[in-house]
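Okay, here's what each chain looks like letter by letter:
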Amino acid sequence: MNSKIRLESKYLLSKNALRLFLISLLSMSLRWGNLALNLTGLYFLLNSDFLKNLLSDYNNALVYTCVVILYSIIFFSTAMTASAIKLGEQFVYFTRAQRAKGQIRLLFKFLHPKKSLKALKLYFTVNFMKIFWLIYFLSPVGVCAGCTAYLYNISYLSPDVYFVLAFGTALLLSISTVVWRVAVLRYSAAPYYICLKPELQVKEAIKKSIRFTDGLLTEGVLLEYSFSGWILSCILIIPLFYVVPYIKLTKSVFVTKSVFSHSKIPQNKYSVNLLNLLKSSEHIN
């Protein structure tokens, strides 16, 4: 399956790599640029004469409360905008994965208060679950590392023993990381369902993602690890123009294939009775 997905992604990327890269670059610039602009504004405000004059003329607690409320609203709006643009970028790649062009205007499709709020809720929920599962799977690694450090400090053991303990901890870390990627890959189709049906609730989209990606998680993780060589090639700047859209498009193709491979097949009213003499529910045991 992964070989077909990579081949199809390369075919879909042909003559579209630069355009998709520019869309991703624009998406990243708008999201992080907006955040950087707000942080810069906050920095200059905190060091400005205007704020000093306000603090000298009014109650300090009141002034700082107003500043906190103002920038809480600003950063919340920034998070909504960034989530909407990120979902729009994924929509572009999902559209291209289904052999449509994936126009740049789709990048701004979710820049609406209600849609932006839903996009923020989606990414907040998914990222929260990713962090939760990361802590869950790395907890045994932390225990092993802590025990190794404790034994190293309180007792003398041969270097071979420490080597075995360190190797075992590193092996457990590798396994835990892979299992974590398998767990969080279940949420990869949730943005697709929101793009497909904007009226769908985030909770329902996540449930559908978990249900329809089940059974293909191992292939998805292997597909992610197959990008290692491509990522290493990005030490040079030039491969970025191809690698970034290739990886994102390949993941989008994987999601669409996962969803459509689990599409319900219309079932016959009769099971193995070709003459339709008995309904399937009336078969003889």
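Since we're looking at a predicted model, the values are computed, not measured. Along each chain, numbering runs from 1 in the same order as the chain's sequence is written. This being a predicted model, a pLDDT of at least 70 is required before a residue's local features are given, and a value of 80 or more before pairs of side-chain atoms are given or counted; all residues contribute to the totals for chains, interfaces and linings. Processing note: side-chain calculations cover all non-hydrogen atoms of the structure and skip hydrogens and water entirely.

Asks: I keep staring at the overall build of the protein and nothing clicks. Help me out?
Replies: Across its full length, the protein holds eleven helices and zero strands. Secondary structure elements of the protein occur, N-terminal to C-terminal, as α-α-α-α-α-α-α-α-α-α-α. Each radius of gyration reported is based on C-alpha atoms, and the globular scaling rule is 2.2 Å times the count of residues to the power 0.38. Computed over C-alpha atoms, the radius of gyration of the protein comes to 25 Å, more than 25% over the 19 Å expected from 2.2 N^0.38 for 285 residues, which places it beyond the range of a compact globule. Projecting the C-alpha coordinates of the protein onto the three principal axes gives extents of approximately 90 × 65 × 45 Å. Exposure classes here rest on a 1.4 Å probe applied to the protein chains alone. A residue is buried below 20% of its type maximum, exposed above 50%, and partly exposed in between. Going through the 285 residues of the protein one by one, you find that 35% of them count as buried. We count a stretch as a helix when DSSP gives it H or I for four or more residues in a row; a strand needs E for two or more, and each element gets its number in order from the N terminus.

Asks: Would you mind showing me how to read the layout of surface pockets here?
Replies: To find leftover empty space, one rolls a probe the size of a water molecule over the atoms. By volume, the largest pocket is sized at about 1,300 Å³. Lining the largest pocket are 42 residues, with Lys 86, Gln 90, Tyr 123, Asn 127 and Lys 130 positioned closest to its centre. Elements with a minimum of two residues in the lining of the largest pocket: α2 (17–46), α4 (60–97), α5 (113–154), α6 (159–184), α9 (217–225), α10 (228–232) and α11 (240–261). The element best represented in the lining of the largest pocket is α4, accounting for ten residues. Among the residues forming the lining of the largest pocket, the class breakdown is 26 nonpolar, eight polar and eight charged. The distinction between a cavity and a pocket rests on a 1 Å grid over the protein atoms alone: a 1.4 Å probe fits inside a cavity but cannot get out, while a pocket stays open yet meets protein on both sides within 12 Å along at least five of seven lines, and a residue with an atom within 4 Å of a point counts as lining. Grid points are joined across faces, edges and corners, and a volume is the space filled by probe spheres set on the points. Side-chain classes follow a simple rule in which Ala, Val, Leu, Ile, Met, Phe, Trp, Tyr, Cys and Pro form the nonpolar group, Asp, Glu, Lys and Arg form the charged group, and the remainder, Gly included, forms the polar group.

Asks: Please clarify how the packing of α4 against α11 should be interpreted in this entry.
Replies: Every axis in this analysis is a line fitted to C-alpha atoms, fitted for helices over the stretch in contact. Angles between the N-to-C directions lie between 0 and 180 degrees. Here α4 crosses α11 at 70°, and the two axes come no closer than 8 Å. As the angle between them shows, α4 and α11 are arranged roughly perpendicular. Where α4 abuts α11, its residues Lys 86, Glu 89, Tyr 93, Phe 94, Arg 96 and Ala 97 lie against Pro 245, Lys 248, Leu 249, Ser 252, Val 253, Val 255 and Thr 256. Put simply, angles under 35 degrees are roughly parallel, angles over 145 are roughly antiparallel, angles from 65 to 115 are roughly perpendicular, and the rest are oblique. Contacts: residue pairs with any heavy atoms within 4.5 Å of one another.

Asks: What's the story with the confidence of the model for the protein in this structure? I'm lost.
Replies: Reading fine detail from the predicted coordinates is not recommended where pLDDT is low. Per-residue pLDDT for the protein has a mean of 86; in total, 92% of the residues score no lower than 70. Of all helices and strands in the protein, the one with the weakest mean pLDDT is α10 (86), whereas α4 scores best (94). Within a predicted model, pLDDT stands for the predictor's per-residue confidence, ranging from 0 to 100.

Asks: Just to check I follow, could you spell out the packing of aromatic side chains for this structure?
Replies: Here a ring pair, both rings aromatic, is described through the centre-centre distance and the interplanar angle of the planes. For Phe, Tyr and Trp, rings pair up if their centres lie within 6.5 Å, where Trp contributes its six-membered ring, and each pair is then called stacked (planes under 30 degrees apart), edge-to-face (over 60) or tilted (otherwise). Within this structure, the stated rule accounts for 16 aromatic pairs. Ring geometry for Tyr 71 versus Phe 75: centroids 5.8 Å apart, planes at 45°, classification tilted. Here Phe 75 and Tyr 71 lie together in helix α4, a separation of four residues that amounts to about one turn. Between Trp 230 and Tyr 246, the ring centres sit 5.1 Å apart and the planes meet at 50°, which makes this aromatic pair tilted. Residue Trp 230 is located in helix α10, and its partner Tyr 246 is located in helix α11; the two are separated by 16 residues in the primary sequence. According to the relative accessible area criterion, Tyr 246 is buried, its value standing at 1%.

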